[in-house]
Amino acid sequence: MEEKLMGDLLKTVGTIRLEFFDPKYKQQLENYYLTEEHNQFTSHPQNAIGLCEEEEGRAPVLILSDDQTAGFFVLHGWEGVKEFYGNQKALLLRSYSVDSSFQGKGIAKHSLKLLPSFVKEHFPEINEIILAVNLGNLVAQHVYKSSGFVDKGIRAMGRKGEMYILHLEL
C-alpha cells in the first residue's frame with residue numbers, strides 16, 4: 001500500500017528533493033508566487049533569505065521539483081527555537097511555503113516526509129523539529145499533522161494571532 005502511495009505521489013510531483021539554497025536558484029525565486037492568503041502566514045523566500053544572511057543559525061532550504069523551485073523553508077537553530085520551546089537539540093521550521101503554481105500536487109506532504117532524513121544528515125545532533133502555525137491556517141495545520149507533527153498543547157502569540165507549536169521527534 002505504501003509503495004503504491006509513493007508511486008502515485010512521484011507521478012504527481014516528479015522528483016522532489018530538498019537542497020540548501022544556492023544562488024543559482026535566485027532567478028527562480030524572483031518569480032516565486034504566494035497568494036494573498038498564504039502571504040499573511042509566511043514570508044516570501046527572498047525576504048527569508050535576507051534574514052538568513054543577516055542572522056547566524058538560519059539555514060534556507062529549497063524544495064525542488066525536477067530542478068524547479070517549488071517551495072522553500074528555513075531551519076532555524078536555538079535562537080529561533082528558544083522563543084517557543086526549551087529543547088536545545090531542536091530546530092525551528094519557519095517560513096515554509098509552496099509556490100502557488102505548484103500547490104495541490106502533493107509537494108508539501110512529500111517535502112515534509114523528506115525533512116527528517118535531511119535534518120539527520122545535515123544536523124545529526126538534532127532530535128526534534130518544531131514549528132509555529134497560526135490557529136487560522138487550517139490547511140497548513142492539516143498538512144503538518146498528517147506529516148507526523150504533533151500538538152503537545154504549547155501555544156504562542158505571533159504577528160497574526162495565536163499559534164500552535166507542533167513537534168516532530170526524530
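Residues numbered from 1 in each chain as written. Predicted model: local features only at pLDDT ≥ 70, side-chain atom pairs only at ≥ 80, totals over all residues. Heavy atoms only, no water.

Here's the deal with the pairing of strand β4 (residues 90–98)
The side chains of a regular strand alternate between both faces of the sheet.
Here is step 1: With eight of nine residues buried, β4 lies mostly within the body of the structure.
Here is step 2: The sheet contact formed by strand β3 (residues 68–76) and β4 spans five bridges and is antiparallel. Each residue of the ladder has a partner; that of Val74, found in β4, is Arg94.
Here is step 3: In terms of strand pairing, β4 meets strand β5 (residues 128–134) through four bridges, oriented parallel. Across the sheet, residue Leu93 finds its bridge partner in β5, namely Leu131.
Here is step 4: Taking the sense of rotation as the criterion, the β-α-β connection linking β4, helix α6 (residues 107–122) and β5 turns out right-handed. (Buried < 20%, exposed > 50% of the residue type's maximum accessible area, 1.4 Å probe, protein only. Helix = DSSP H or I, 4+ residues; strand = E, 2+ residues; numbered from the N terminus. Pairing = 2+ DSSP bridges. Right-handed = clockwise from strand over helix to strand, strands pointing away.)

Re the nonpolar core
Here is step 1: Counting residues in each nonpolar core, the largest one holds 31 residues, and the members touching the most others are Phe73, Leu75, Leu93, Tyr96, Leu115, Tyr144 and Phe149.
Here is step 2: For this core, the secondary-structure elements that each account for two or more residues are β1 (16–20), β2 (58–65), β3, β4, α6, β5, α7 (138–146) and β7 (161–169).
Here is step 3: The element contributing the most residues to this core is α6, with six residues.
Here is step 4: Ignoring sequence-local partners within four residues, the contact set of Tyr144 consists of Leu93, Tyr96, Leu112, Leu131, Val133, Phe149 and Leu166.
Here is step 5: Formed by twelve residues, the second largest nonpolar core is a distinct cluster that contains Tyr25, Ile49, Cys52 and Phe72. (Core = buried A, V, L, I, M, F, W, Y, C linked by side-chain atoms within 4.5 Å. Contact = heavy atoms within 4.5 Å.)

A word on unusual backbone geometry
Here is step 1: Despite not being glycine, Asp66 shows a phi value in the positive range, around 50°.
Here is step 2: With respect to the helices, strands and loops of the structure, Asp66 is situated in the loop between β2 and β3.
Here is step 3: Residue Asp66 is classed as partly exposed on the basis of its relative accessible area, which comes to 46%.
Here is step 4: Located in the positive-phi region is Ser95, a residue other than glycine, with phi close to 55°.
Here is step 5: Assignment of secondary structure puts Ser95 in strand β4.

By themselves these figures say nothing about function.
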